[in-house]
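# Working through the structure, step by step
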Amino acid sequence: NPDNMDSVLEAGVIRALGTLASVHDSHTQSICAKGFLIFSSTEKGRMDLGQRKNVLQALFGLVKGGKQNKVMVLVGRAVCNLLQDRQTRFAAVNAGALAILKIIATSGFDELRESTARVIISLAGDVSLHPYLIKEPIVSVLVYILDDSDVWSLECVVRAFTCLAQHTVFRAPLIEKGCVS
């Protein structure tokens, strides 16, 4: 319930999820993934997550260590929510979200590939993030998605290439990968 969000945040539930995320138990990880997705779906929850680098890293750890498909999808959606929000994306990037985005994109789930492409479209418009996007192989991630995706993901990848090509800094990597000529 959105009305209870302030009380839940004040109670420290996000910090507790960050601590519990490192427990190597599939049920616990599934609960944490659901919690992270719920919090990343609200503005207040995203803001609280964005202020806690250690919790963000615990969230990302669920992607790296997660063996469950359900956890991967839930956490992938949470990461995408954080990166889509202009108020939390920089904190997420500083905590390592772009490396996680690469894992999410290559996880084999169409919905996560499409979400990844949509996030890259959004991030490409934020010039302050361009140095980070250049360091991570964002173009390679898009090429991977292009090679193994459904129609909706492909459409998003083409849009992402178009958004990146508008910025000089991305043109060389796009040409190098054969995305544009």
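Residues numbered from 1 in each chain as written. Predicted model: local features only at pLDDT ≥ 70, side-chain atom pairs only at ≥ 80, totals over all residues. Heavy atoms only, no water.

### Describing the packing of aromatic side chains
- Counted according to the given criterion, the structure contains one aromatic pair.
- Ring centres 5.6 Å apart and planes at 85° place the aromatic pair Phe 90 and Tyr 132 in the edge-to-face group. You can see Phe 90 sitting in helix 7 (residues 89-94) and its partner Tyr 132 sitting in helix 10 (residues 130-135), a full 42 residues away along the chain. (Phe/Tyr/Trp six-rings, centres within 6.5 Å; stacked < 30°, edge-to-face > 60°. Helix = DSSP H or I, 4+ residues; strand = E, 2+ residues; numbered from the N terminus.)

### Focus: the confidence of the model for the protein chain
- Looking at the protein chain, pLDDT values average 90 and 96% of them are 70 or higher.
- At the low end of the mean pLDDT range in the protein chain sits helix 1 (residues 5-10), at 84; at the high end sits helix 7, at 96. (pLDDT = per-residue confidence, 0-100.)

### Concerning the nonpolar core
- Grouped together as the largest cluster of nonpolar side chains are 58 residues, with contacts concentrated most on Phe 36, Val 79, Leu 142 and Leu 164.
- Top contributing element to this core by residue count: helix 6 (residues 69-84), with ten residues. (Core = buried A, V, L, I, M, F, W, Y, C linked by side-chain atoms within 4.5 Å. Buried < 20%, exposed > 50% of the residue type's maximum accessible area, 1.4 Å probe, protein only.)

### With respect to the packing of helix 9 (residues 110-124) against helix 11 (residues 138-147)
- Two numbers describe how helix 9 lies on helix 11: the axes approach to 10 Å, and their chain directions differ by 145°. Considering how the two elements wind past one another, helix 9 and helix 11 form a crossing that is left-handed. Of helix 11, the residues touching helix 9 (which contributes Arg 113, Thr 116, Ala 117 and Ile 120) are Ile 138, Val 141, Leu 142 and Ile 145. (Axes fitted to C-alpha atoms, helices over the stretch in contact; angles between N-to-C directions. Left-handed = near helix turned anticlockwise from the far one by under 90°. Contact = heavy atoms within 4.5 Å.)

### Some words on the packing of helix 5 (residues 53-65) against helix 6
- Close contact between helix 5 and helix 6 brings their axes to 9 Å; oriented N to C, the two are set at 140°. Taken together, the axes of helix 5 and helix 6 are oblique relative to one another. The element helix 5 and its partner helix 6 pack so that their crossing is left-handed. Where helix 5 approaches helix 6, its residues Leu 56, Leu 59, Phe 60, Leu 62 and Val 63 are matched on the opposing element by Val 71, Met 72, Val 75, Ala 78, Val 79 and Leu 82.
- Looking at the contact of helix 5 with helix 6 residue by residue, the class counts come to eleven nonpolar, no polar and no charged. (Parallel < 35°, antiparallel > 145°, perpendicular 65-115°, else oblique. Nonpolar A, V, L, I, M, F, W, Y, C, P; charged D, E, K, R; others polar.)

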